[in-house]
Amino acid sequence: MSTSSGGWYAILTVTIPIAGAIVIALLGEKQGRARLAVGIAAAVGPVLLVVQMLRLLGDGRPVTITAWQVGPILTLRFSADRLGLLFAAVASTLWVATTIYSHGYLAGGPNVRRFFSFLSLSLTATMGVALAGNLFTLYIFYELLSLVTYPLVIHDQTREAARSGRMYIIYSLCGAALVLLGIVGTMALRGSLEFRPGGLLAGVEPSGLVSLTAACYIAGFGVKAAVMPLHGWLPQAMVAPTPVSALLHAVAVVKSGVFGILRVLLFVFGKDLMAEAGIGAALSVVIAASVLLGSISALREDTLKRRLAYSTISQLGYITLGVTMLNAEAMAGGLVHLVNHAVMKIVLFFCAGIIITVTGRTKISQLDGIGRVMPRTMGCFALAALGMVGVPPVCGYVSKWYLLRGAVHAQQWPLVVVLVASSFLNAAYFFPIVIRAFLRPYREDVPGLEPGGHGAGHAAGGHGPVGHGMHGAPAHSPGREAPATMLWPVVLLALVTVALGIWSAPLGFIELLVKGL
Amino acid sequence: MTARLAANYPYVFAVVLFVIGVHTLLAHANLLKKIIGLNIAGTAVFLYFIAMGNVRGRLEPLVDPAHPHAEFVNPVPSALILTGIVVAVSVTAFALSLVLKLYRHYGTLDAEEIVRLRSILDEDH
Amino acid sequence: MRITDHFPLTIVVGTLLGAYLSPIVGHVRRRWLPPFAVGVTLLALIQAIQLNIRVRDCGELTYQLGGWPAPWGIELLVGPAAALMVLVLAAISTLIAVYCMAYIDHEVAPHAQSWYYAAFLLLLAGMLGMAVTNDLFNTFVMMEITTIGACALVAAKDSRRAAEAALRYLLLASLASTLILLGIGMIYMITGNLNLTYLTRELETVWRQYPRLATTSLGLLTLGFALKAALFPLHVWLPEAHSAAPTPSSAMLSGLVVKIYAFSLIKMNYVVFRPILGIVAPLRELLILLSAAAIIGGSLFALVQDDIKRLLAYSTVAQVGYIFLGAGLGTPSAVMAAFFQIISHSIMKTCLFLSAGIIAERTGRRKIALMDGMGRVLPLTSAAFTVAALSMIGLPLLSGFIAKWHLFLGGLEAERPVFIGLILMSGLLNAAYYLPVIWRFYFVEPQVCPVIHGDPAGDAGALGAPGSWPPPGIRRRILSRLEAPLPMLLPVVALALACIVLGVWTGPTIAHLAGVAQTIIGGPGR
């Protein structure tokens, strides 16, 4: 309850991006460089602050602060525990990369100022979700996240973008409403909204109301986490510019949903109540189905970004599964995957974005031989894809290993089968892309290659980002790589995926985290 | 039952009048008749008040030095209704002025006809 | 005897006097009218603030009219609830009066303006009177003043639509008045008192003798006030009246008039008829059901509107449902939510109507389909509209959320969780009709750029006579950059900020309202 000395770090983490957004809004539409600088600063600031808060945490002085008393019970409260900082660190770091990448991706397009302003605000919302110290704060930032990401999703302002945006906002608002219902349920059960390690509701008898409350939370956060029956918006939202798909729909938004589920399960219900009320068991059935069905849907999808979206649906399931299995190894595996998946998936999306920008191709069937023209991009793509499947030394294998061990340990044999099967499915939908890109000959005359007129127009949107970053170069000239602002973040992040597979420091942190629960 | 109704005949009248008034207000299409209905309903309530204040066998509320202990009827309802009548008159006047305005616009006092005309006129715009 | 002792009377009489004087002022110099009206409302506002301070410090304040003691004379009584209501009425109408300074010419013909202001102030006086009076018949008289003032405000616009809407409003409102008068008659018949305090005291003993007459009386009063407050399905008059009226009138009607009737309804049910509270449970049940129907029905109707003011009017039907729901549930949190909603909705809806008015005045557009790109043309107005609309949807950190939150708690207290789901659903429905408007404001490029009426550079004439300070050159440079005249912009922005403040900093308001709710449902006999 007390406010610690470093409380301002948490508040600054949330407010610096707001300041950044305001500055960006005040800058002119044409002042691209200044905008980039401000954008990066607004993302680097939180990274540094998160590092600082991690150090304080290491010293045994976790940051908590009651920022504002809205009314009785309704408090705006931040607390930077390990779980929150893990998510905050991942999101803010990737934000820096995305800001740079977006600058290249959108250069010269319309409404760039609006885009960067809201990108920065989305960071605020994500940091708020990560550092929220009670349910009310979590709800505020969860709701805010929907609103501030909406302009990013419909950035292109095409008819299709508007339709997808509508779907997105409807799903999001319904999800937030369910979360609110869960909060009211919590009020009925306990009359408090503060998170507690071990569970706010610990000691409450399992009842219909407990299950209902849990269902509301899981469905409410599950909408953003794209748990299978609630995933409809995610493939649709791929109409957004690729950085948005990468950041929001691989990292910030969907992970906020997953994070919300984790937060609520661990800090509101607590392990014991979860086990007693059978929440974990019921949830793992839904999630397992989501994992498998997501992968199967990905197999059938020809549009690259949409295939990646389905892959996200399936991979997010791993994280939640880790928690529902209720043992230390699986939980560590789930949390490691929170990090690993974020980095790998953002690389995959960034590569898809580069392909769209440089060649205008959005479909997998159009990618023959693309690896020969864009070796660096497709190299990174292949690396991340290997990681997704679980091939060492790219980081994906670590999380899968832990999860499998956890499942075996818990003697959940069906889940073991699901995890293995899903890995095979991952291979089945990622390897064909890589094989096609590197082993088939490059084809010039692919239909839908024309910039701006790509096929169903799924991924790229109407104004055609093609050529925007190209400084007048012919849009689809083969043999070119993307501009540096786009390529460098990808290459760096691809290296990070390998580093995460080899370097064990994050694992140590996560094991500490799990021990704390 | 009948005897009680007969004894309280002013109230019975008030209720009958009230129902007639409200029915006229709601069921008739003619705007003037609506206003008349409103007035009938209002009058019914006034009657109710007056009847309430009256006590049979008592005197009108004028203090007479010759009968210092005489019992009077309750004067308050009558006083209230005086105000009520004033209010009703002003409401009626206001309503009539609006009806006049509508008549100038549409050339009819029939509410249904006005609705029909309006939809035609709105389409023209 | 302190001067504040007289404020319950002077706040009403002063405003009433202002109403009578405004035709004269208008006759002498029409340009003096708008500042005159602002002055009168401001005076009421100052008194309202003083009254609140007084009531907070010294408890409720009674005032015997003409020195006649109760129960013979007319008594005014300002408790915490009435003081709050008076403050809301005075504050919002001051802002609307300020708005009128620049707006009035747009929708009200010059010759009608002095009468418009007369009706405006008459309406305010009537509402203030309803809030402070402690006499049943006086309530009726004040209510009639309110009704006539409100209808006149609708009729002030010289259009056939307005005249028709006003007539329908007048007829139904008068019917409601007749019902209420009948109810007053019945309760007077069994208690012999018109003073509410004495009436309640009397009722405690006599209701057992005349239970049917007492309940019928309360039923009639409730029905009458519900009709006037447009409780679904008695709302038929509202959408047309609120949308055909000139915009400041719409704001008055939606923001305040509906609320004062709701307030009176709560007062009658919980304070005056408290002795029979136990036997009229079915009535409250009916109120709850109807408010549920209002919350959903009003929103569904709003969903299909293409005119922004009609949309706002139907939204009022839905939002009034929250007040009645809170009143019907009757638990401390629920009643508090009802009061919070009275305040919060007055602010939000006034802001929405006034900003819709700016859009109509500047660009001539009222159809939602023509709102494309308004965020760029009228940035401040659109921002204010957006804030108020998001508050309507019930997003956290805005005032609408706080009202909903306490309704949730009220639902929990009353152990009727179904209404929690209902309110959540209504929030989503609100989103369904407000978000498309906001979407058009910001995310659709205008097909044809809306024309801003009035020459922004040459507006100095309207802003003040040349020669005044600061010199016209500077004034023009500052003011020409504004999207609308300052008197219009200021209230809208202030109201939007109030939405935020009330949503972010609710502690004191909640504490105060909890006290108010306590006096309404749990306090001593009066």
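Residues numbered from 1 in each chain as written. Chains lettered and ligands numbered in written order. Predicted model: local features only at pLDDT ≥ 70, side-chain atom pairs only at ≥ 80, totals over all residues.

## Overview of the overall build of chain A
Part 1 of the argument: Scanning chain A from N- to C-terminus turns up 18 helices and two strands.
Part 2 of the argument: Computed over C-alpha atoms, the radius of gyration of chain A comes to 22 Å, within 12% of the 24 Å expected from 2.2 N^0.38 for 517 residues, which places it in the range of a compact globule.
Part 3 of the argument: Counting only C-alpha atoms, chain A reaches 65 × 55 × 40 Å along its principal axes.
Part 4 of the argument: Looking at chain A as a whole, 62% of its 517 residues are labelled buried. (Helix = DSSP H or I, 4+ residues; strand = E, 2+ residues; numbered from the N terminus. Rg over C-alpha atoms; globule rule 2.2 N^0.38 Å. Buried ≥ 20, exposed ≤ 12 C-beta atoms within 10 Å, placed from the backbone.)

## Side note on the overall build of chain B
Part 1 of the argument: Summing up its helical and strand segments, chain B has five helices and zero strands in all.
Part 2 of the argument: Helices and strands in chain B line up, N terminus first, as α-α-α-α-α.
Part 3 of the argument: Relative to its length of 125 residues, chain B is extended, with a C-alpha radius of gyration of 21 Å against a globular reference of 14 Å.
Part 4 of the argument: C-alpha atoms of chain B, sized along the principal axes, occupy 75 × 35 × 15 Å.
Part 5 of the argument: The proportion of buried residues among the 125 residues of chain B is 24%.

## As for helix 8 (residues 211–228) of chain C
Residue and element names in this part refer to chain C.
Part 1 of the argument: The terminal C-alpha atoms of helix 8, which comprises 18 residues, lie 26 Å apart, in line with the 26 Å expected from a rise of 1.5 Å per residue.
Part 2 of the argument: Looking only at helix 8, the buried set comprises Ala-214, Ser-217, Leu-218, Leu-220, Leu-221, Thr-222, Leu-223, Gly-224, Phe-225, Ala-226, Leu-227 and Lys-228.
Part 3 of the argument: Buried residues in helix 8 make contact with helix 6 (160–191), helix 7 (196–206), helix 10 (247–272) and helix 11 (281–303).
Part 4 of the argument: One or two steps after helix 8, the chain reaches Ala-230, where phi turns positive at roughly 60°. (Expected span 1.5 Å × (residues − 1). Contact = placed C-beta atoms within 7 Å.)

## A few points about unusual backbone geometry
Part 1 of the argument: In this model, A:Pro392 is joined to A:Pro393 through a cis peptide bond whose omega is 5°.
Part 2 of the argument: Structurally, A:Pro393 can be placed in the loop between helix 14 (375–389) and helix 15 (396–409).
Part 3 of the argument: The omega torsion across C:Phe232 and C:Pro233 is 0°, close enough to zero to call that bond cis.
Part 4 of the argument: Among the secondary structure elements, C:Pro233 is positioned in the loop between helix 8 and helix 9 (238–244).
Part 5 of the argument: Even without a glycine there, the phi angle at A:Gln411 is positive, about 55°.
Part 6 of the argument: Position of A:Gln411 relative to the elements: it lies in the loop between helix 15 and helix 16 (413–439).
Part 7 of the argument: Of note in the backbone geometry, C:Ala230 takes a positive phi value of approximately 60° without being a glycine.
Part 8 of the argument: Classification of C:Ala230 by C-beta neighbours within 10 Å gives buried; the count is 30.

## Observations regarding the interface of chain B and chain C
Part 1 of the argument: At the junction of the two partners, chain B supplies 25 residues and chain C supplies 20 residues.
Part 2 of the argument: Where the side of chain B that touches chain C is concerned, the elements lending two or more residues are helix 2 (9–27), helix 3 (31–53) and helix 4 (76–106) of chain B.
Part 3 of the argument: Counting residues per element, the side of chain B that touches chain C draws most heavily on helix 4 of chain B, at 14 residues.
Part 4 of the argument: Grouping the amino acids of the side of chain B that touches chain C by side-chain chemistry returns 18 nonpolar, five polar and two charged. (Nonpolar A, V, L, I, M, F, W, Y, C, P; charged D, E, K, R; others polar.)

## Quick notes on the pairing of strand 2 (residues 75–80) of chain A
Residue and element names in this part refer to chain A.
Part 1 of the argument: With respect to burial, strand 2 is a largely interior element, five of its six residues being buried.
Part 2 of the argument: As paired strands, strand 1 (residues 63–69) and strand 2 are joined by six bridges and run antiparallel to one another. The residue bridging Gln-69 from the neighbouring strand is Thr-75, located in strand 2.
Part 3 of the argument: A loop of five residues connects strand 1 with strand 2, the two strands running antiparallel in sequence, and Ile-73 in this loop sits at a positive phi of about 70°. (Pairing = 2+ DSSP bridges.)

## Observations concerning the interface of chain C and chain A
Part 1 of the argument: Listed per partner, the contact involves 19 residues of chain C and 19 residues of chain A.
Part 2 of the argument: Elements with a minimum of two residues in the side of chain C that touches chain A: helix 16 (399–413), helix 17 (418–443) and helix 21 (507–522) of chain C.
Part 3 of the argument: Among the elements that take part in the side of chain C that touches chain A, helix 17 of chain C stands out by supplying seven residues, more than any other.
Part 4 of the argument: For the side of chain C that touches chain A, the residue count by class is 16 nonpolar, three polar and no charged.

## Thoughts on the arrangement of the chains
Part 1 of the argument: For the two pairs of chains in contact, the largest share of contacts goes to chains B and C.
Part 2 of the argument: You won't find any contact between chain A and chain B; their C-alpha atoms come no closer than 30 Å.

## Notes on the nonpolar core
Part 1 of the argument: With 438 residues, the main nonpolar core has A:Ile346, A:Val347, C:Val86, C:Val154 and C:Ala166 as its most contacted residues.
Part 2 of the argument: At 22 residues, helix 9 (residues 242–277) of chain A tops the list of elements feeding residues into this core.
Part 3 of the argument: Filtering out sequence-adjacent residues up to four positions away, A:Ile346 remains in contact with A:Leu94, A:Ala246, A:Leu247, A:Ala250, A:Val251 and A:Leu493. (Core = buried A, V, L, I, M, F, W, Y, C linked by C-beta atoms within 7 Å.)

## Thoughts on the packing of helix 15 (residues 379–393) of chain C against helix 20 (residues 486–504) of chain C
Residue and element names in this part refer to chain C.
Part 1 of the argument: Two elements in contact, helix 15 and helix 20, have axes whose closest approach is 9 Å; the angle formed by their N-to-C orientations is 35°. In the crossing of helix 15 with helix 20, the sense of the turn from one axis to the other is left-handed. Seen from helix 15, the contacting residues are Leu-380, Thr-381, Ala-384, Val-387, Ala-388 and Ser-391; seen from helix 20, they are Leu-489, Val-492, Val-493, Ala-496, Cys-499, Ile-500 and Gly-503.
Part 2 of the argument: Of the residues belonging to the contact of helix 15 with helix 20, the class tally is 10 nonpolar, three polar and no charged. (Axes fitted to C-alpha atoms, helices over the stretch in contact; angles between N-to-C directions. Left-handed = near helix turned anticlockwise from the far one by under 90°.)

## Let's talk about the environment of C:Ile96
Part 1 of the argument: Residue placement: C:Ile96 occurs in helix 3 (residues 80–107).
Part 2 of the argument: In this view, C:Ile96 contacts C:Pro248, C:Ala251, C:Met252, C:Thr350 and C:Pro491; residues no more than four positions away in its chain are not counted.

## Here's the deal with the confidence of the model for chain B
All names here are of chain B.
Part 1 of the argument: For chain B, per-residue confidence averages 88 on the pLDDT scale, and 98% of positions sit at 70 or higher.
Part 2 of the argument: By mean pLDDT, helix 5 (residues 111–124) is the weakest element of chain B at 82, and helix 3 is the strongest at 93.
Part 3 of the argument: The ipTM, which scores confidence in the relative placement of chains, is 0.93 for this predicted complex, and the corresponding pTM is 0.91. (pLDDT = per-residue confidence, 0-100.)

## Here we look at the confidence of the model for chain A
Part 1 of the argument: Of the residues in chain A, 92% reach a pLDDT of 70 or more, and the chain-wide mean stands at 86.
Part 2 of the argument: The low-confidence segment residues 449–478 of chain A (pLDDT under 50) makes 75 contacts with residues lying over four places distant or belonging to another chain.

## Considering the packing of helix 2 of chain B against helix 3 of chain B
Axis angle and axis distance: for two packed helices, these are the angle between their axes and the distance between the axes, and together they describe the pair.
Residues and elements named next belong to chain B.
Part 1 of the argument: Between helix 2 and helix 3, the shortest axis-to-axis distance is 7 Å and the interhelical angle comes to 160°. Between helix 2 and helix 3, the angle is such that the two are roughly antiparallel. Of the two elements, helix 2 crosses helix 3, and the hand of that crossing is left-handed.
Part 2 of the argument: Its residues assigned to classes, the contact of helix 2 with helix 3 shows 18 nonpolar, four polar and two charged. (Parallel < 35°, antiparallel > 145°, perpendicular 65-115°, else oblique.)

## Observations regarding the environment of A:Ala328
All names here are of chain A.
Part 1 of the argument: Note on placement: Ala-328 falls in helix 12 (residues 328–359).
Part 2 of the argument: A tally of 16 C-beta atoms within 10 Å means that Ala-328 is categorised as partly exposed.
Part 3 of the argument: C-alpha separation for the pair Ala-328 and Ser-365, spaced 37 residues apart in sequence, amounts to 42 Å.

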